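The lines below spell out each chain.
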Amino acid sequence: MRPERDMEQRRATGSIVQTAVMGLGLLLTGCAVTPQSSIDRCLCQVPAPHKDNVHVVLVESPIDVAHMGNLPEIREHLRDLGYRNVTYYNPMAMDNIKRPYGVEPDGHAALVAAQVRCARRNNPHARVLLYGWSAGSIIVRDALEILEGCGKCVDCVIYVDSRWVGPYSEGKPLPRNVRRTALIYRDPHSSPWFPYEPPECPNAVLYRVRPMGHLSVPTHSDGLEPLMREVSRLTMKGCACL
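Every value quoted in this text rests on a predicted model; they were computed, and no experiment measured them.

## Section: the pattern of salt bridges
In step 1: Counted under the stated rule, the structure contains 13 salt bridges.
In step 2: The salt bridge partner of Glu76 is Arg75, with a shortest N-O separation of 3.0 Å.
In step 3: The residue Glu230 makes a salt bridge to Arg180 at a minimum N-O spacing of 2.7 Å. Linking Glu230 in helix H8 (residues 221-235) with Arg180 in the loop between helix H7 (165-169) and strand S5 (181-186), this pair joins segments that are 50 residues apart in sequence.
In step 4: A relative accessible area of 1% means that Glu230 is categorised as buried.
In step 5: When its relative accessible area of 22% is taken as the criterion, Arg180 is described as partly exposed.
In step 6: Through salt bridges with shared partners, a single ionic network connects Arg75, Glu76 and Arg79.

## Some words on the nonpolar core
In step 1: The biggest cluster of nonpolar side chains holds 33 residues, and the ones touching the most others in it are Leu129, Tyr131, Ile158 and Leu227.
In step 2: Elements that contribute at least two residues to this core include exactly strand S1 (54-59), helix H4 (71-80), strand S2 (86-89), strand S3 (127-133), strand S4 (156-160), S5, strand S6 (204-209) and H8.
In step 3: Of the residues forming this core, the biggest block, five residues, is contributed by H8.
In step 4: Leave out the neighbours within four places in its chain, and Leu227 touches Ile74, Leu129, Tyr131, Ile158 and Ile184.

## Comments concerning the sheet that holds S5
In step 1: Taking strand neighbours across the sheet as the criterion, the six strands line up as S2-S1-S3-S4-S5-S6 in an open arrangement whose pairing is parallel. Since the sheet does not close on itself, it has two edges, and those belong to S2 and S6, each with one partner. Strand-to-strand twist across the sheet, computed as the mean angle between neighbouring axes with direction ignored, equals 15°.
In step 2: In this sheet, S2 lies alongside S1 in parallel orientation, the contact comprising four bridges. Opposite Val56, over in S2, you have Val86 as the bridge partner.
In step 3: Most of the contacts of helix H5 (residues 108-122) go to S3, to which it runs at about 160°, and overall it touches S1, S2 and S3.
In step 4: Contacting S1, S3, S4, S5 and S6, H8 runs over the sheet at an angle of about 165° to S3.

## Observations concerning the environment of Ala119
In step 1: Locating Ala119 in the fold gives a position in helix H5.
In step 2: Between the C-alpha atom of Ala119 and that of Asn85, which follows or precedes it by 34 residues, the distance is 9.0 Å.
In step 3: Each residue touching Ala119, except ones within four places of it in the same chain, is listed here: His55 and Ala126.

## Points about unusual backbone geometry
In step 1: A positive phi angle is found at Ser134, which is not glycine, with a value near 55°.
In step 2: Tracing the chain through its elements places Ser134 in the loop between S3 and helix H6 (136-149).
In step 3: Here the phi dihedral of Asp161 falls at roughly 45°; this positive angle occurs in a residue that is not glycine.
In step 4: By the secondary structure assignment, Asp161 is in the loop between S4 and H7.

## Details of the environment of Ile39
In step 1: Its place among the elements puts Ile39 in the loop between helix H1 (2-29) and helix H2 (40-44).
In step 2: The exposure class of Ile39 is buried, given its relative accessible area of 5%.
In step 3: Here the alpha-carbon distance between Ile39 and Met228, two residues 189 residues apart in the chain, equals 7.5 Å.

## Topic: the confidence of the model for the protein
In step 1: Model confidence for the protein is summarised by a mean pLDDT of 81, while 76% of its residues fall at 70 or above.
In step 2: In the predicted structure, residues 3-33 sits below a pLDDT of 50 and forms 20 contacts with residues beyond four places in sequence or in another chain.

Rules used in this analysis
- Throughout, residues of each chain are indexed from 1 in the direction in which the sequence is written.
- Local features in this predicted model are restricted to residues whose pLDDT is 70 or higher, and side-chain atom pairs enter the listing and the counts only when it is 80 or higher, whereas totals over whole chains, interfaces and linings include all residues.
- Only hydrogens and water are set aside; all other atoms, that is, all heavy atoms of the structure, feed into the side-chain values.
- The salt bridge criterion pairs a side-chain nitrogen of Lys or Arg with a carboxyl oxygen of Asp or Glu, the two atoms within 4 Å.
- Helix and strand assignments follow DSSP, with helices taken as H or I runs no shorter than four residues and strands as E runs no shorter than two, numbered in order from the N terminus.
- The buried label applies to any residue whose accessible area, calculated with a 1.4 Å probe on protein chains only, is under 20% of its type's maximum; exposed applies above 50%, and partly exposed to all values in between.
- Nonpolar cores were defined as sets of buried Ala, Val, Leu, Ile, Met, Phe, Trp, Tyr and Cys residues, with membership established by side-chain atoms within 4.5 Å.
- The contact rule is simple, with two residues in contact once any of their heavy atoms fall within 4.5 Å.
- Two strands qualify as a pair provided that DSSP identifies no fewer than 2 bridges between them.
- Between N-to-C directions, angles cover 0 to 180 degrees, with each direction set by a line fitted to C-alpha atoms, over the stretch in contact for helices.
- pLDDT expresses, on a scale from 0 to 100, how confident the predictor is about each individual residue.

So this is what it looks like as structure tokens:
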């Protein structure tokens, strides 16, 4: 009985710690909101075949252990709108992308790159969007480098309020196998202790979001709207509602 009691106590302690971490995060950064954007109604009316050509890979930040960025909510939001090819990649849980033959189990960037190659192989018309949240942008950047070495291009890359891409890439150029880069960033003064500017990326467009806590950016309307516009761009260029 003693081992069972110890196990129950550990579970209870773990639950309390997780709740405390999440509560502290909400106090420091502000609450995340239920994802929604101004063009959701329009996207609901787009025929399914157009959406099936769009492949979105949402890459979690490996240091957001409590998942305060709420990327799974964004995945579900896209799926609710009819986008079936949306993958949430969490570096802390290796079961969310199946490892292809020949890819090392600890190669996060290799797994994301393999996901892109698989999408292209299964659908020659696939349009791929890689979304790197915070430190997850490093994984996206490395995946691009792998794909560049294979002669593969990505339609769109989104870096979300990441202070990592620029310093991480110093001394080596950012991969150029990206047709469009979207940078979703707060004003640098939003982080007075660690101010940072968006990286200089090829074919880039900058979306500035209003001052808010870092962890609120992905699901806040200011952060979600640019993502949905980039998704809609890939869905059907020239659509009257865009």
